[in-house]
Amino acid sequence: TVRSNLLPPPGAEDPAAGAAKGERRRRRGCAQHLADNRLKTTKYTLLSFLPKNLFEQFHRPANVYFVFIALLNFVPAVNAFQPGLALAPVLFILAITAFRDLWEDYSRHRSDHKINHLGCLVFSSRSHLK
């Protein structure tokens, strides 16, 4: 059995159109036993978004450096200005980057959903149907 998501040429006959109703039902029923071949290009799930995103962001040396500098402001001997003020820009950049990653992942999810729900044609030899 060959499955294709290409549209048939204009005027082509539906292979299931000439088959008996029972034969069509058996053909539809066999599709339930096929392996799952859905496309999934998203990186995150609802539960994994925050840990994975923070893990990725702290693999960037600039983010680690600025968080380290902001945390140094909590040490009284070396603080240059208010500790909360030092964390604000770093948290802002982390939040903007997380929002951008979330939007990109949502766009990938929509694209995957669109592709996974495309119609497909099933070409099958009638001798294999029982």
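Residues numbered from 1 in each chain as written. Predicted model: local features only at pLDDT ≥ 70, side-chain atom pairs only at ≥ 80, totals over all residues. Heavy atoms only, no water.

Bringing the overall build of the protein chain into the picture now. Broken down by element type, the protein chain carries four helices and two strands. From first element to last, N terminus to C terminus, the protein chain shows the α and β order β-α-α-α-α-β. Here the protein chain holds 130 residues, and 17% of them are scored as buried. On the protein chain, roughly 10600 Å² of surface is accessible, and the fraction owed to carbon and sulfur atoms is 66%. (Helix = DSSP H or I, 4+ residues; strand = E, 2+ residues; numbered from the N terminus. Buried < 20%, exposed > 50% of the residue type's maximum accessible area, 1.4 Å probe, protein only. Areas by Shrake-Rupley, 256 points an atom, 1.4 Å probe, with all protein chains shown as cover.)

We now examine the packing of aromatic side chains. Counting across every chain of the model gives three aromatic pairs. Summarising the aromatic geometry, the rings of Tyr44 and Phe49 are spaced 5.0 Å apart at their centres and angled 80 degrees between planes, so their arrangement reads as edge-to-face. The residues Tyr44 and Phe49 share a single accessibility class, namely buried. Summarising the aromatic geometry, the rings of Tyr65 and Phe66 are spaced 5.2 Å apart at their centres and angled 70 degrees between planes, so their arrangement reads as edge-to-face. Judged by its relative accessible area of 46%, Phe66 falls in the partly exposed class. (Phe/Tyr/Trp six-rings, centres within 6.5 Å; stacked < 30°, edge-to-face > 60°.)

In this section: the nonpolar core. In this structure, Val67, Ala70, Ala86, Val90 and Leu94 together form the largest nonpolar core, which totals five residues. Counting only elements with at least two residues in this core, the list comes to helix H3 (61-72) and helix H4 (83-116). Here this core gets three residues from one element, more than from any other, and that element is H4. Not counting the four nearest positions on each side in its chain, Ala86 is found in contact with Ala70, Asn73 and Phe81. (Core = buried A, V, L, I, M, F, W, Y, C linked by side-chain atoms within 4.5 Å. Contact = heavy atoms within 4.5 Å.)

Per the counting criterion, the structure on display carries four salt bridges. Its salt-bridge partner being Arg100, residue Asp101 comes within 3.3 Å of it at the nearest N-O pair. Its relative accessible area of 42% is what places Arg100 among the partly exposed residues. Between Asp105 and Arg108 there is a salt bridge, with its nearest N and O atoms 2.7 Å apart. Of this pair, Asp105 and Arg108 both sit in helix H4, three residues apart, which is roughly one turn of the helix. With a relative accessible area of 7%, Asp105 lands in the buried category. (Salt bridge = Lys/Arg side-chain N within 4 Å of Asp/Glu carboxyl O.)

Once that is clear, we can look at the packing of H3 against H4. For the pair H3 and H4, interaxial distance at closest approach is 8 Å and the crossing angle is 155 degrees. Relative to H4, the element H3 lies roughly antiparallel. In this structure, the crossing between H3 and H4 has a hand that is left-handed. Across from Asn63, Phe66, Val67 and Ala70 in H3, the residues of H4 making contact are Ala86, Leu87, Val90 and Leu94. (Axes fitted to C-alpha atoms, helices over the stretch in contact; angles between N-to-C directions. Parallel < 35°, antiparallel > 145°, perpendicular 65-115°, else oblique. Left-handed = near helix turned anticlockwise from the far one by under 90°.)

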